[in-house]
There are 2 protein chains.
Amino acid sequence: MDFKPILSAKRDGKPLDELTIQSMVRAYVDGQIPDYQMSAWLMAVFFRGLDPTERIALTSAMWKSGVSLPRVRPEAFRIDKHSTGGVGDKTSLILVPLVIATANRVLGPGSVEIPMISGRTLGHTGGTLDKLESVPGFSPQIDLARAHALMVENGFFMMGQTADLVPADRLLYSLRDATCTVESIGLMVSSILSKKLAETLDGIIFDVKFGGGAFLPEIEQARNVGRALLDTARALGVSAKVVITSMDAPLGVAIGNRLEVEECHNFLMGNAAIDEGLALVTLTLAAEMLAMASRGKLTVTEALMECRRELETPAPGQWFVRMFEAQGGDWERFQKESWSRSTDRFKLNANTNGYVKRIDARRLGQIVQNMGGGRKTKEDTVDLDVGVVLRKKVGDQVRKGDTLLIAHHRPGRRGSFREEAANLTEAIEVVPEPTTPIDWVKEVMV
Amino acid sequence: MDFKPILSAKRDGKPLDELTIQSMVRAYVDGQIPDYQMSAWLMAVFFRGLDPTERIALTSAMWKSGVSLPRVRPEAFRIDKHSTGGVGDKTSLILVPLVIATANRVLGPGSVEIPMISGRTLGHTGGTLDKLESVPGFSPQIDLARAHALMVENGFFMMGQTADLVPADRLLYSLRDATCTVESIGLMVSSILSKKLAETLDGIIFDVKFGGGAFLPEIEQARNVGRALLDTARALGVSAKVVITSMDAPLGVAIGNRLEVEECHNFLMGNAAIDEGLALVTLTLAAEMLAMASRGKLTVTEALMECRRELETPAPGQWFVRMFEAQGGDWERFQKESWSRSTDRFKLNANTNGYVKRIDARRLGQIVQNMGGGRKTKEDTVDLDVGVVLRKKVGDQVRKGDTLLIAHHRPGRRGSFREEAANLTEAIEVVPEPTTPIDWVKEVMV
């Protein structure tokens, strides 16, 4: 394929038609366009953008570069949630059991299907698959046949990407990373949506995060991404809604794989004080998912009430444990080992009276990564036990000597923890005047 | 090397410092930066440009990625000419013998050295090496030792790129071509100049062409390239001047390798009517070269008069033949075989009275390429005998039945000549009203 005319057209800001984009994606997946040409195209797209037609065509072509999941129950509403990623963002682990439990009660058994295909921790942000794997024995490496069986049995599954799903995105994703073109809205939207469309969805809720710990620092950028996600999803036949949420501080109290699973379990069991930010974001997303899946039977407010009511029952917690056990996880062993098995704990105490003004989500994400809890490159292995638990949140009053956070670190790990301890003190700021808590849910885009 | 910070800085329009550019070029040549990252950088440069500091640093780093030619006579002024390329652009073949002959007479034997490292025909434009090779036996594949010996003997040589000269440009050049970033002024200037600097020059004259048959359609673009060439060359210690010339029609009358060598010989021998455009451009460049090489002894006007005077002697023609024979060329055989040995001739005649308004240089270049006289890809072989000879030039009056041009084509060549014959009729336009000849030399930038 002679790729240069397509490349120079994009370079010069001329729109590419649907057929051109289709053949381009097919040729690239077939190895007929070398990476060094595609990477120049990606950079040209970074500068020129993709217009709505191009974005829709690229998303569709990427989606169709691989197989799509077959439907299971024709009458079920198949829905998923996608988050643009953040620090302490563990909502998927709560949403799946909560929405399944509530929908089974309110809309009928098997009325909702959640085919959850997730990603891994990379850079300062966490990934659902690593969190799930902190339960010993759990495996997200299931094939499409097993995924189908799990869907029949439970109405959901948790899996990682496979080679036959959206190969175009797998190739383009690593190239975007290597070429610093991840931030292009058009490329971001087509990457996110092509993967979700392969789940054969009826609807999707997007959690688009902005702020210091998010990929998009400014709310205006989040709105632009949200608008593009909405329009593209709808153009390709999927109902969609966008919730814009803050990532100025970590979501919830735990950052780190095992610690976050514990936090989710506590949340569903009502075992511990529930973090308000996590509750607000999770319940907003759950209510949107349930209302959409009800096909007009429930308003969002009614759906929210049903989800709250469901949290007073043991069902979501039971589904949570089932989520792990259905894919080989040994929940009992996870609990026996308790949190911070063989890690050391470091307490950071307040050295003054005052109020928490700022908790630097990105910095904390990087500290957890440095402690071994994340990946710098895709090849790194992850220490599932290390992490940070916040004891104070933005807006909280503190007294000198109060514990601000606890770091769970691995003794004897290469690289000194002392450095991270110093970083930790800079990640949290206490000021004399009262401060305002974070406004977690900024708006819902329809 | 972690190239991403450099890539994202350029993407965001942040200037790169000299040291960064140096290490980048070194790492790329050493294979530590993959092509797919460098190509994204090239596209980012296409959009963001290179500021003067970056341009100078890149040129210098590319230059120093390989060896430079050693000096031969310390007192000689070493000078070269570079053309941005065109159709029928054969000035190098005239300039070398003319300037050497004139300088030897006026400034003294060995006073000027011309180390000519040239390129090949590609796309619709011609290349000096292929033209030279139409003389049987001539070889531009000489090593640096042989080049040195030729410089001692004659004061010039004609050679192609070697692996040890400017490897960074060899790698970047093909990548620029594949990624549609050839048009970036900064990349263009660093590519041109790094190769010339490796000749260890004292001075250089740039022939920057604009118009339909040039890489730069608009004169304003040519001026920008010219200004960047001047500033960069001077910043790196080389005297420079830019002549802006038109490429709205082919230069001279012949297009095609053997035909152009014949035209140059005729020009130097006074054997045939001398084309005014070719004479004007060549003598302007020759006078600039001689004046610069005289280190202030001659004004450009005086240098021009000396060159004109030299053309009345047999010396330039003798140097012309020596240029081929010094590198194995059999001039006698070339002459015996005469032009258009085994080619067929096609005459295009005027079908109306009028005046020539337009001769489409790019189209004619492409026709010659299609007839086998050029390359679509670097791997193609070139038919040295085919080409087009113009019998009328823009501004000429024609009568119905006059021959406008003669095409020399290869009988039995794959692909029909009939198609090219049809193209030829569209490449030349005759109108009823008198037309203006082309203004070949637009300006000299100092």
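Presented here is an overview of the structure given in this document. (Residues numbered from 1 in each chain as written. Chains lettered and ligands numbered in written order. Predicted model: local features only at pLDDT ≥ 70, side-chain atom pairs only at ≥ 80, totals over all residues. Heavy atoms only, no water.)

1. So, the relation of the copies chain B and chain A
Reasoning step 1: Relative to chain A, chain B is turned by 180 degrees and slid 0.1 Å along the rotation axis, the superposed coordinates differing by an RMSD of 0.0 Å. Taken together, the rotation and translation relating the two chain copies correspond to the operation of a two-fold axis. Minimal C-alpha distance to the rotation axis in chain B is attained by Tyr36(B), lying at 1.9 Å.
Reasoning step 2: When the interface residues of chain B are mapped onto chain A, 100% of them again fall at the interface, so both copies present the same face. (Least-squares fit on C-alpha atoms with pLDDT ≥ 70 in both. Contact = heavy atoms within 4.5 Å.)

2. Re the environment of Thr301(A)
All names here are of chain A.
Reasoning step 1: When you line up the elements, threonine 301 lands in helix H13 (residues 300-311).
Reasoning step 2: When its relative accessible area of 54% is taken as the criterion, threonine 301 is described as exposed.
Reasoning step 3: In this structure, the C-alpha to C-alpha distance between threonine 301 and glutamine 335, residues 34 residues apart in sequence, is 35 Å. (Helix = DSSP H or I, 4+ residues; strand = E, 2+ residues; numbered from the N terminus. Buried < 20%, exposed > 50% of the residue type's maximum accessible area, 1.4 Å probe, protein only.)

3. Quick look at the nonpolar core
Reasoning step 1: Core analysis: the biggest nonpolar cluster contains 81 residues, and Ile114(B), Phe320(B), Met323(B), Phe324(B), Leu364(B), Val388(B) and Leu424(B) have the highest contact counts within it.
Reasoning step 2: The element best represented in this core is helix H12 (residues 276-293) of chain B, accounting for 12 residues.
Reasoning step 3: Discounting chain neighbours no more than four positions away, the residues touching Phe320(B) are Leu93(B), Pro97(B), Val261(B), Cys264(B), His265(B), Leu268(B) and Trp331(B).
Reasoning step 4: If you look at the next biggest cluster of nonpolar residues, it comprises 80 residues, including Val112(A), Leu390(A), Phe417(A) and Ala421(A). (Core = buried A, V, L, I, M, F, W, Y, C linked by side-chain atoms within 4.5 Å.)

4. Quick look at the sheet that holds strand E5 (residues 239-246) of chain A
All names here are of chain A.
Reasoning step 1: With mixed pairing, the six strands of this open sheet are ordered in space as E3-E2-E1-E4-E5-E13. Here the strands that pair on one side only, and so sit at the sheet edges, are strand E3 (156-160) and strand E13 (441-445). Here the strands of the sheet are splayed against their neighbours by 20 degrees on average, with no regard to which way each runs.
Reasoning step 2: Here four bridges tie E5 to E13, and the two strands are oriented antiparallel to one another. Bridge pairing in E13 places valine 243 opposite valine 444.
Reasoning step 3: Together, strand E1 (77-83), strand E2 (112-118) and strand E4 (203-210) form the strand contacts of helix H9 (residues 185-197), whose direction differs from that of E1 by roughly 155 degrees. (Pairing = 2+ DSSP bridges. Axes fitted to C-alpha atoms, helices over the stretch in contact; angles between N-to-C directions.)

5. Focus on unusual backbone geometry
Among all residues except glycine, the phi angle is most often negative; among peptide bonds, the trans geometry is most common.
Reasoning step 1: Even without glycine at this site, Val166(A) takes up a positive phi of about 45 degrees.
Reasoning step 2: Within the fold, Val166(A) resides in the loop between E3 and helix H8 (167-178).
Reasoning step 3: The backbone of Thr200(B) shows a phi angle near 55 degrees, a positive value even though the residue is not glycine.
Reasoning step 4: Here Thr200(B) lies in the loop between helix H9 (185-197) and strand E4 (203-210).

6. A few points about the pairing of strand E5 (residues 239-246) of chain B
Residue and element names in this part refer to chain B.
Reasoning step 1: The buried count for E5 comes to seven of eight residues, which makes it a mostly enclosed element.
Reasoning step 2: Pairing analysis gives eight bridges linking E4 to E5, with the strands arranged parallel. Pairing of glycine 203 across the sheet is with serine 239, part of E5.
Reasoning step 3: For the handedness criterion, the β-α-β arrangement of E4, helix H10 (residues 219-235) and E5 is classed as right-handed. (Right-handed = clockwise from strand over helix to strand, strands pointing away.)

7. Quick notes on the pattern of salt bridges
Reasoning step 1: Under the counting rule described, the total for this entry stands at 68 salt bridges over all chains.
Reasoning step 2: In this structure, the salt-bridge partner of Arg105(B) is Glu310(B), at a minimum N-O distance of 2.5 Å. Of this pair, Arg105(B) sits in helix H5 (residues 91-106) while Glu310(B) sits in helix H13 (residues 300-310); the two residues are 205 residues apart in sequence, bridging distant segments of the chain.
Reasoning step 3: Taking the relative accessible area as the measure of exposure, Glu310(B) reaches 4% and is therefore buried.
Reasoning step 4: Between Glu306(B) and Arg309(B) there is a salt bridge, with its nearest N and O atoms 3.6 Å apart. With Glu306(B) and Arg309(B) both in helix H13 and three residues apart, this pair spans about one turn of that helix.
Reasoning step 5: For Arg309(B), a relative accessible area of 41% translates into the label partly exposed.
Reasoning step 6: A single salt-bridge network, built from bridges that share partners, covers Arg258(A), Arg333(A), Glu337(A), Asp383(A), Asp385(A) and Arg410(A). (Salt bridge = Lys/Arg side-chain N within 4 Å of Asp/Glu carboxyl O.)

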